[in-house]
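A structural walkthrough
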Amino acid sequence: MGQIHASTRAESSALHIGRGKSGERIVALAGNPNVGKSTVFNSLTGLNQHTGNWPGKTVSTAQGRLRREDTDIVLVDLPGTYSLLASSVEETLARDVICFGDADAVILVADATCLERNLNLVLQTIEITGRAVLCVNLMDEAAKKKISIDLDCLAVSLGIPVVGTNARHGDGLDALIDAAVSVASDALPRVPYRVTYPKAIETAVSILAPAVADETGDIINARWLSLRLLEGADDLFDTLGVQLGRDIRQADTVAQAIAAAEGVLTDAGLTREKLRDALVTTLVEAGETIARDVVSYGDRDYTARDRRLDKLLTSKRTGIPIMIALLFGVFWLTITGANYPSALLADGLFWVEGRLGALFVWLSAPDWVRGLIVDGMYRTLAWVVSVMLPPMAIFFPLFTLLEDSGYLPRIAFNLDNFFRRACAHGKQALTMCMGFGCNAAGVVGCRIIDSPRERLIAILTNNFVPCNGRFPTLIAIITMFFAGGVLGAFGSLVSTLMLTGVIVLGVTATVLVSKLLSKTILKGLPSSFNLELPPYRRPQIGRVIVRSILDRTLFVLGRAAAVAAPAGLVIWAMANIQSGGVSLLNICAGFLDPFGRLLGMDGFIVLAFILGFPANEIIVPILIMSYMASGSLTELASLGDLHALFIAHGWTWVTAVCVMLFTLLHWPCGTTCWTIGKETKSAKWTLASVLIPTAAGVFVCFIVAAVCRLLGLV
């Protein structure tokens, strides 16, 4: 791939992809989920995938630029989809870009280990355009499973170029891009394989296609468009109307042809529902026929290993316990692994703070200016970065390793029944898992849910699983009040075990609140969806680390920093501005104290949660600052000192329990609220995302505190 040079961008202002220069070729990259399409994209462009949304659609896509010989190419990575018959947002976007995106060629990525299933999308696409290339990826995995594919025979059968690849190692990618350039440069598109439908459908299409061709010209394949007209794909014709400036269904010739064609279908007993079933059945049977001629199996039991693993990982008896054990392991690695780098990072950042303070002294700046900028903005930002970055840098790669290995879809499978009973979506399990790293990332991940109602439920409840920003508070309280007497490695295990218990409580709250929402303000039945269990694969550790750090860790950290820095100004001002000799911080805490006592806490704790809205990482430092009246964020030398400070201010184990519960259940941080506003484009639902968990947290803490008082435990 030495002759390919690339750069990437993630934005577009329309379905038409802008050409940066004359002669540039646009190539769309399409395929089913889990076929290695993103690996093909990243390997061709030489860069990691960066995503952005198409206008009006909460679906991610990406673009990359590369050069092959003397040809400049824009590669557009479309969202993974199983079909172009548009029953989801992803399918609609992929279909519209292929139809109207002005692409010179389409690369269709298929999995060599399950080619028959992938041919459904291939056949649908070549019905639209003959400018297509089939990339049969994962040839190495097929060879391991003793599957052989006659690529030449497949190319003849489909009537388009076929290239075998192993994108992980770059094998075949030069030939793939050469084939795409050749197809894009052809003066006339090739004539690919044409699916033959039942006689009545073919007769109806022959009546309708000429009228459609007269109205649309060569903007789109008239035969394919006629099938969609008969099927009733209204959203497609809305998009086509925008492209043409008119609705072709209103043309007299088309309207008459539709009536005649529908008459033929009616006489054959084909309603729209039966017509769609007939179309899908014919496509599947055509794919089976083609695959039967080109694929041979040296070992029919090639999936035995995957089936054995699935029997263990997805069974009713062992699936959930193993999932919890893996969750325990990920958290233990995150907790134990983040301590040392977090301390080093804090030392470095606070060393810089000392130099900044000295610079302001040298500049003879007023104390209040130095306090606002150094003790306020910079120190808060340093706290957030030093506490948040190491856990994210560990958690996100571990999470991505589970994703790349094929295990995350199994988690969704295991939890699907729980969410279905809550009238929610099974894919919410995946977005919930993403929330463990960062709730903002989990909210963005809700785009994978097709149903707007179920996507909104997932967004509103994502905050019930604690992000890594809440882990430090939970871990510190668990260690000080519950695991402090256990020494060595066992102390870490006890802390992790209790943290896992808190996580399970958060998952339970997610399911319960999802059901409550689905029965009240977001009523509806759960939708069906295709959940593919991909084959288990060995993750690419290097690529995983780079992608998770660049695409997730730094993205989330950047948003958190943008919110935390100005918050530092507010915190410092409240701690240092006084009225009648009392700081605004103490005045506000005194006002909140009666409410805090009802919840088993105190006014300083409630105020720390409020001021910690920009970033959960600063809640404990704010609390320390408030108790010590230090005027700026402060860190104590050890958890023992912190425990003594809390005990001196009236903390008991009941206080610790209530603080942990409120940490788990309170409002989302500023970064997550910002993200929810961006995703929902609604102030109402953003406010709801704050009120729902807060109400849950207040209710639970009030009940726990009241019961403990009745039992004389406080």
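Just so we're clear, the structure is a prediction, and the values are computed from it rather than from any experiment.

With respect to the environment of Leu 398
Checked against the element boundaries, Leu 398 lands in helix α14 (residues 367-405). Remark: the alpha-carbon pair of Leu 398 and Thr 334, spanning 64 residues in sequence, is separated by 8.9 Å. Setting aside anything within four residues of it in sequence, one finds Leu 398 in contact with Val 330, Leu 333 and Thr 334.

Some thoughts on the packing of helix α23 (residues 603-611) against helix α24 (residues 619-628)
Helix packing geometry: the angle between the two helix axes and the distance between the axes. Across the interface, α23 lies against α24 with an axial gap of 9 Å and an inter-helix angle of 135°. Compared by their axis directions, α23 and α24 come out oblique. In terms of crossing hand, the pair formed by α23 and α24 is right-handed. Residue-level inspection shows Phe 604, Ile 605, Ala 608, Phe 609 and Leu 611 of α23 in contact with α24, the latter providing Ile 619, Ile 622, Leu 623, Ser 626 and Tyr 627. Of the residues in the contact of α23 with α24, the class split is nine nonpolar, one polar and no charged.

Description of a positive patch on the surface
On the surface, Lys 316, Arg 420, Arg 421, Lys 515 and Lys 519 cluster together into a positively charged patch. With respect to the secondary-structure elements, Arg 421 resides in helix α15 (residues 408-421). On the accessibility criterion, Arg 421 (58% relative accessible area) is exposed.

What about unusual backbone geometry?
Positive phi, normally seen in glycine, also occurs at Leu 138, with a value near 65°. Turning to its location among the elements, Leu 138 is positioned in the loop between β7 (132-137) and α4 (139-144). Located in the positive-phi region is Cys 423, a residue other than glycine, with phi close to 60°. By the secondary structure assignment, Cys 423 is in the loop between α15 and α16 (428-437).

Some remarks on the confidence of the model for the protein
Taken over all residues, the pLDDT of the protein has a mean of 81, while the share at 70 or more is 87%. Under a pLDDT of 50 for its full length, residues 1-14 has, in the predicted model, 47 contacts with residues more than four places off or in other chains. Low pLDDT, under 50, characterises residues 48-59; the stretch is placed with 52 contacts to residues that sit more than four places away or in other chains.

Brief notes about the packing of aromatic side chains
In total, this model carries six aromatic pairs according to the counting rule given. Between Tyr 627 and Phe 646, the ring centres sit 6.0 Å apart and the planes meet at 75°, which makes this aromatic pair edge-to-face. Of this pair, Tyr 627 sits in helix α24 while Phe 646 sits in helix α25 (residues 639-648), placing them 19 residues apart in sequence. Look at Tyr 627 and you get buried, because its relative accessible area is 9%. On the basis of an interplanar angle of 85° and a centroid distance of 5.7 Å, the ring pair of Phe 662 and Trp 667 is categorised as edge-to-face. Residue Phe 662 is classed as buried on the basis of its relative accessible area of 3%. With a relative accessible area of 13%, Trp 667 lands in the buried category.

With respect to the packing of helix α5 (residues 151-158) against helix α11 (residues 272-294)
Packing of α5 against α11 leaves a shortest axis separation of 9 Å and a crossing angle of 150°. By the angle class used here, α5 and α11 are roughly antiparallel. Regarding α5 and α11, the two cross each other, and that crossing is right-handed. Residues Cys 153, Leu 154, Ser 157 and Leu 158 of α5 pack against Ile 290, Asp 293 and Val 294 of α11. Looking at the contact of α5 with α11 residue by residue, the class counts come to five nonpolar, one polar and one charged.

Notes on the nonpolar core
Counting residues in hydrophobic clusters, the biggest one holds 96 residues, and the most contacted among them are Phe 436, Met 601 and Trp 651. The biggest single contributor to this core is helix α26 (residues 653-665), with nine residues. Aside from chain neighbours lying at most four places away, what touches Trp 651 is Ile 477, Phe 481, Asp 602, Ile 605, Leu 623, Tyr 627, Phe 646, Ala 656 and Val 659. The next biggest cluster of nonpolar side chains, apart from the first, holds 74 residues, and it includes Ala 28, Ala 112, Val 136 and Ile 290.

Digging into a nonpolar patch on the surface
Taken together, the side chains of Phe 482, Met 498, Phe 595, Leu 598, Trp 653, Phe 699, Phe 702, Ile 703, Val 707, Leu 710, Leu 711 and Leu 713 make up a nonpolar region of the molecular surface, amounting to roughly 1,200 Å² of accessible area. When contributions to the nonpolar patch are tallied by element, the ones reaching two or more residues are α22 (584-598) and α28 (683-710). The element contributing the most residues to the nonpolar patch is α28, with five residues. Relative to the helices and strands, Phe 699 is located in helix α28. The class for Phe 699 is exposed, based on a relative accessible area of 55%.

Some thoughts on α23
Counting buried positions over the nine residues of α23 gives seven, a clear majority of the element. At the N-terminal end of α23, a side-chain oxygen is found 3.0 Å from the backbone nitrogen of Phe 604, two or three residues along, and the residue is Asp 602.

Topic: the environment of Ser 148
In this structure, Ser 148 sits in strand β8 (residues 147-149). Linking Ser 148 and Tyr 297, residues 149 residues apart in sequence, is a C-alpha distance of 6.5 Å. Ignoring any residue separated from it by four or fewer positions in sequence, one finds Ser 148 in contact with Val 294, Val 295 and Ser 296. Engagement of the side chain of Ser 148 in a polar contact is seen with the side chain of Ser 296, the distance being 2.4 Å.

Thoughts on the pairing of strand β5 (residues 71-77)
Where burial is concerned, most of β5 is hidden: seven out of the seven residues are buried. Residues Thr 71, Ile 73, Leu 75 and Asp 77 of β5 are buried on one face, and the alternating residues Asp 72, Val 74 and Val 76, pointing to the opposite face, are buried as well.

Definitions and cut-offs
- Residues numbered from 1 in each chain as written.
- Predicted model: local features only at pLDDT ≥ 70, side-chain atom pairs only at ≥ 80, totals over all residues.
- Heavy atoms only, no water.
- Helix = DSSP H or I, 4+ residues; strand = E, 2+ residues; numbered from the N terminus.
- Contact = heavy atoms within 4.5 Å.
- Axes fitted to C-alpha atoms, helices over the stretch in contact; angles between N-to-C directions.
- Parallel < 35°, antiparallel > 145°, perpendicular 65-115°, else oblique.
- Left-handed = near helix turned anticlockwise from the far one by under 90°.
- Nonpolar A, V, L, I, M, F, W, Y, C, P; charged D, E, K, R; others polar.
- Patch = residues over 30% accessible without salt bridge, like charges linked within 9 Å, V, L, I, M, F, W, Y side chains within 5 Å.
- Areas by Shrake-Rupley, 256 points an atom, 1.4 Å probe, with all protein chains shown as cover.
- Salt bridge = Lys/Arg side-chain N within 4 Å of Asp/Glu carboxyl O.
- Lys, Arg positive; Asp, Glu negative; His and termini not counted.
- Charge placed at Lys NZ, Arg CZ, Asp CG, Glu CD.
- Buried < 20%, exposed > 50% of the residue type's maximum accessible area, 1.4 Å probe, protein only.
- pLDDT = per-residue confidence, 0-100.
- Phe/Tyr/Trp six-rings, centres within 6.5 Å; stacked < 30°, edge-to-face > 60°.
- Core = buried A, V, L, I, M, F, W, Y, C linked by side-chain atoms within 4.5 Å.
- Polar contact = N/O pair within 3.5 Å; in protein donor to acceptor, adjacent residues only side chain to side chain.

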